[in-house]
Amino acid sequence: MTVDIAQRTYQMYIDGEFVDARTDSFLGSVNPATGDEWYQIPDAGAEDVDRAVKAARRALHDPRWAGLSPTARGKLLSRVADAAADFGDRLAVVETMDNGKLIRDTRATYATVPLIWEYFAGWADKLHGQVVPTVDTTLNYLRREPVGVVAAIVPWNAPLTLASHKLAAALCMGNTVVLKPSEITSASILEFVEVLESAGLPPGVVNIVTGRGATAGDALVSHPGVDLVTFTGGTEAGKAIAHRAAERHVRCLMELGGKSPNIVFGDADVDNAANGLIAGIFAAAGQACTAGSRAYLHRDVYDAVLDKVVERAGRITLGDPMSDLTEVGPVAYEAHMNRILDYVGVGRAEGATVRLGGTRRTEGDLARGYFVEPTIFEGVQQDMRIAREEIFGPVLSVIPFTSEDEVLGYANDTPFGLAAGVWTRDISRAHRMAQRLDAGTVWINTYRALSPITPFGGFKASGHGKEGGMESLLEYSRVKSVWTNLSDAATADPFVVQR
Ligand code: NAD
């Protein structure tokens, strides 16, 4: 099944209207399973971004948005949730054609999009200011306000889910947004405009500019009309964007890359742990920020677990992501495939051994797309690049260990701190590890469990700030402290701080 995109040349969405870019140039987008270009997006420039930011600034103060009570704002978000539920199947197909993720996976993902909107809809009139008990002669209260115009930038691996987290939380707190999807996968986000419009979102509240990171993205994060930058993507782009934000002292929220450890202790359930390792690195062809790309196996179960993982991974059905029988689809685009294969070469050159896979698959129809075999490296040393750098593909590095302290040292010995998995039946050890691991998410005897009601975000080079849960609303709002003197008496001493 494919989706008939009536309008194969998309327009951007600014101030409630579909518009062309003033640059008058376009970028093609390729289906990674077939290598065929199937739509084009405007390659926006600084002038287009300026138009979008100005529309968002106007909408911020427009009574059709600013005049809504928080309860009415919540109802609007709830209508988005309802409309999103009706669109889920179509958007899942669009995303699978865009980034090559399995249709089974994108359908399951899209089932959560309405939940994200519904969750934040519920918060709209519940997170508010408070009175602070200072001294009797003053009234000090806190106003929780929108930050203003939010610049939101998302990557290609889960476009609409990541965008929904940013949009729903930002709108919940009364902000307006300019969103830039990845140039690799803009279709599902542009199609989602129909959902936003059907819910009755006023013009300018959400604007979408398409194009490249270095041009449209950079113009957006540098724009003086932007009050907050929320970015999900690679650590290097995140660094460039954070520099831009720092130039204007603009708050930024960073959800970046990872090199997450998946740790199996000697007492773990071998079958469950092997499944968890497979899910961690081969689901979505390893193109998940939380990919469990470093497997640490206790020497007592090293062979038992690794044999199972190799056996199961060796049977993985690679192929058309639209088929319900496929287990691993293509990687998202050609240059990314080449980068993954380069890393396989790096691992070999560093002296690690390929236990499974390691090549591009090209038999039959696979030749048209970008298919990389599930790959497992043994004999990996902690200081090798394949153990330290994010590959963002189906490549697992396996390292043995003997003691808890030893593996903790390995696990935390990375610039990243996004997620970690721990497999053990010893409850005390599980929670000791959870306490000591430097990761924003720790999974015990599971991997990849996520929910919009739980805060998600990394430590160290994996970023700062949280998406999801009540914590994300703190990111998308600001607090103002208001002091009122309740006394008619003259100030005792004007030269001393009043407390
Ligand atoms: P990327 O950093 O190349 O691009 C992400 C987005 O940023 C795109 O929209 C791109 O156009 C834009 N961009 C790039 N450079 C920019 C710049 N200088 N200024 C402004 N915008 C710029 O990442 P990608 O290849 O699209 O996605 C993969 C990365 O995303 C991986 O590192 C992955 O770990 C990370 N990721 C993180 C999370 C998380 O929640 N932590 C979730 C998903 C993906």
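Residues numbered from 1 in each chain as written. Predicted model: local features only at pLDDT ≥ 70, side-chain atom pairs only at ≥ 80, totals over all residues. Heavy atoms only, no water.

## What about the sheet that holds strand 13 (residues 294–298)?
And then number 1: The mixed open sheet is built from 7 strands, whose spatial order is 14-15-16-13-12-18-19. The open sheet terminates on both sides in strands that have one partner only, identified here as strand 14 (353–356) and strand 19 (441–444). Along the sheet, successive strands turn relative to each other by an average axial angle of 25 degrees, direction set aside.
And then number 2: Sheet analysis places strand 15 (residues 375–378) next to strand 16 (residues 395–401), joined by 3 bridges and oriented parallel. Residue pairing across strands places T375 opposite V395, the latter belonging to strand 16.
And then number 3: Lying on the sheet, helix 12 (residues 334–350) is in contact with strand 14, strand 15 and strand 16; it crosses strand 15 at an angle near 20 degrees.
And then number 4: Sheet strands touched by helix 14 (residues 404–412): strand 12 (261–264), strand 13 and strand 16. Its angle to strand 16, the strand with the most contacts, is close to 150 degrees. (Pairing = 2+ DSSP bridges. Helix = DSSP H or I, 4+ residues; strand = E, 2+ residues; numbered from the N terminus. Axes fitted to C-alpha atoms, helices over the stretch in contact; angles between N-to-C directions. Contact = heavy atoms within 4.5 Å.)

## Notes on the side chain of D48
And then number 1: Turning to its location among the elements, D48 is positioned in helix 1 (residues 46–61).
And then number 2: A distance of 2.6 Å separates the side chain of D48 from the backbone nitrogen of R22, its partner in a polar contact.
And then number 3: If near-sequence neighbours (up to four positions away) are discounted, D48 is found in contact with M12, I14, D20, A21, R22, T23 and V209. (Polar contact = N/O pair within 3.5 Å; in protein donor to acceptor, adjacent residues only side chain to side chain.)

## Some details on the domain arrangement of the chain
And then number 1: Here the chain is described as being made up of domain 1 (8–256 + 462–481) and domain 2 (261–444).
And then number 2: Each of domain 1 and domain 2 was reduced to a C-alpha centroid, and the two centroids are 31 Å apart.
And then number 3: If you look at the interface, domain 1 gives 25 residues, while domain 2 gives 25 residues.
And then number 4: Roughly 2,000 Å² is buried in total at the junction of domain 1 and domain 2, and carbon and sulfur atoms are behind 58% of that figure. (Domains from an automatic or database assignment. Buried area = accessible area lost by both parts, 1.4 Å probe.)

## Brief notes about the packing of helix 3 (residues 70–99) against helix 4 (residues 103–123)
And then number 1: Two elements in contact, helix 3 and helix 4, have axes whose closest approach is 8 Å; the angle formed by their N-to-C orientations is 170 degrees. Our classification of the angle between helix 3 and helix 4 gives roughly antiparallel.
And then number 2: Per-class residue counts for the contact of helix 3 with helix 4 are 15 nonpolar, 5 polar and 5 charged. (Parallel < 35°, antiparallel > 145°, perpendicular 65-115°, else oblique. Nonpolar A, V, L, I, M, F, W, Y, C, P; charged D, E, K, R; others polar.)

## Digging into the site of the ligand
And then number 1: The full set close to the ligand counts 27 residues, and V154, E183, G234, L256 and E390 are the nearest of them.
And then number 2: Here an oxygen atom of the ligand sits 3.2 Å away from a polar atom, N or O, in the main chain of G213.
And then number 3: G233 is positioned such that a nitrogen or oxygen atom in its backbone is 3.4 Å from an oxygen atom of the ligand.
And then number 4: About the coverage of the ligand: the protein hides 87% of its 850 Å² of free accessible area.
And then number 5: Counting residues per element, the ones that place at least two in the shell around the ligand are helix 8 (213–222), strand 10 (228–232) and helix 9 (235–247).
And then number 6: Ranked by the residues each element gives to the shell around the ligand, the list is headed by helix 8, at 3 residues.
And then number 7: Looking at the shell around the ligand, its residues break down into 14 nonpolar, 8 polar and 5 charged.
And then number 8: Residue-level mapping places the shell around the ligand at the junction of two domains, with at least three residues from each of domain 1 (8–256 + 462–481) and domain 2 (261–444). (Near = heavy atom within 4 Å. Areas by Shrake-Rupley, 256 points an atom, 1.4 Å probe, with all protein chains shown as cover.)

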